Protein chains: 2
Amino acid sequence: MKKTVLVFSALIISLLLLFQLGQYSIISKDMNIEIVIAVVAVVFFIIGVYLNKKSLHKNRVESIEIDSKKIEELDISKREYEVLQLISKGFSNKEIGEKLFLSESTIKTHVSNLLVKLDAKRRTQAIQIAKELRIL
Amino acid sequence: MKKTVLVFSALIISLLLLFQLGQYSIISKDMNIEIVIAVVAVVFFIIGVYLNKKSLHKNRVESIEIDSKKIEELDISKREYEVLQLISKGFSNKEIGEKLFLSESTIKTHVSNLLVKLDAKRRTQAIQIAKELRIL
DNA sequence: AGTGCTTTGGTACTTTAGTATGACCACTTT
DNA sequence: AAAGTGGTCATACTAAAGTACCAAAGCACT
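Residues numbered from 1 in each chain as written. Chains lettered and ligands numbered in written order. Predicted model: local features only at pLDDT ≥ 70, side-chain atom pairs only at ≥ 80, totals over all residues. Heavy atoms only, no water.

Peer 1: For the overall build of chain A, give the residues involved together with the corresponding values.
Peer 2: Each helix and strand in chain A was counted, giving seven helices and zero strands. Out of the 136 residues belonging to chain A, those deemed buried represent 41%. Restricting the contact set of chain A to residue pairs at least 6 apart, pairs at least 24 apart contribute 56%. Carbon together with sulfur atoms contributes 61% to the accessible area of chain A, which is approximately 8,400 Å² in total. (Helix = DSSP H or I, 4+ residues; strand = E, 2+ residues; numbered from the N terminus. Buried < 20%, exposed > 50% of the residue type's maximum accessible area, 1.4 Å probe, protein only. Contact = heavy atoms within 4.5 Å. Areas by Shrake-Rupley, 256 points an atom, 1.4 Å probe, with all protein chains shown as cover.)

Structure (structure tokens):
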């Protein structure tokens, strides 16, 4: 929605500016030229926006598209994934236990399993690996 | 967004058709007008590309640029920043010490200072906060 | 030469993190 | 019904992580 507003306002402003310039040259009695210039300007503006969006679309999809399949491949359960998400947010085992209404022991078990499944030695390394795998 | 583009292109096409009759007299009058139109087209094309890239930048790829100003504001030294980077890569204090040819004690000192400066309780939280501040 | 600052390093201590093992329960599969 | 699976929790232990306090070397600055 923000893009739409930006594009619209940019179009309106450019149109206003162009037709305001046209008012000066009314004296020279050549209205058609200003209109043609305005149209050309708007057309190429839209072309610029459209082409740029298309070229960025490929990169966008790659950077956003995350998780799902690899989580299953790594045999990470829902509970373990919940714990992983909270780990990446910087919570301690105790805090995670309080958030999920579980004991710290349970969290430790989940973390231990996560470290094995992600092939990590520490929780910080697990975060890094999970982000590389686009799980987080 | 698709509707917006469609409506606008339809409007512009109709405008072009309406003022196509006037274009004959333009060409015969002055050749410089074509150059002006070309310049306007290029300029607005660039504006379109630029605005679109800026609007997409906020939503999608935000953590590319590191905010070196905030590092200074937080009074984080170069050494501390080096340690912070290695922490985010999942290394232990001992490993960081080996990489930087420092003792583990020194790393602990740096980490402790970093936690205070980043207002974090744990190294994992420090990573999260640093990424929010676009320091990492 | 003294001041201030970063960096470095140490000791001693407390707190988290992580491992290993075993156990219990709920639920599904065979 | 028996076996398997996932989640839960506990104990006991080792390993990191983090805190507090101190101290000294290496600088830049004036």
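Peer 1: Tell me about the packing of helix α5 (residues 78-88) of chain B against helix α6 (residues 93-100) of chain B, and name the residues and values.
Peer 2: Helix-helix packing is described using two parameters, namely the angle between the two axes and the distance between the axes. All names here are of chain B. Between α5 and α6, whose axes approach to 10 Å, the crossing angle comes to 125°. The angle between the axes of α5 and α6 places the two elements in the oblique class. Considering how the two elements wind past one another, α5 and α6 form a crossing that is right-handed. In this structure, α5 contributes Arg79, Glu82, Val83, Leu86 and Ile87 to the contact, and α6 contributes Ile96, Lys99 and Leu100. By residue class, the composition of the contact of α5 with α6 is five nonpolar, no polar and three charged. (Axes fitted to C-alpha atoms, helices over the stretch in contact; angles between N-to-C directions. Parallel < 35°, antiparallel > 145°, perpendicular 65-115°, else oblique. Left-handed = near helix turned anticlockwise from the far one by under 90°. Nonpolar A, V, L, I, M, F, W, Y, C, P; charged D, E, K, R; others polar.)

Peer 1: An account of the protein's contact with DNA strand C is requested, with residue identities and associated values reported.
Peer 2: Taken together, 18 residues form the shell around DNA strand C, and within it Lys108, Ser112 and Arg123 of chain A together with Ser77 and Arg79 of chain B come nearest. Counting only the atoms of DNA strand C within 4 Å of the protein, the fraction contributed by sugar and phosphate is 73%. Residue Lys108 of chain A places a side-chain N or O atom 2.7 Å away from a base oxygen belonging to DNA strand C. At 2.4 Å from a phosphate oxygen of DNA strand C is found a side-chain nitrogen or oxygen belonging to Ser77 of chain B. Of all the secondary structure elements, the ones that give two or more residues to the surface near DNA strand C are α6 (104-118) of chain A together with α5 and α7 (104-118) of chain B. (Near = heavy atom within 4 Å. Polar contact = N/O pair within 3.5 Å; in protein donor to acceptor, adjacent residues only side chain to side chain.)

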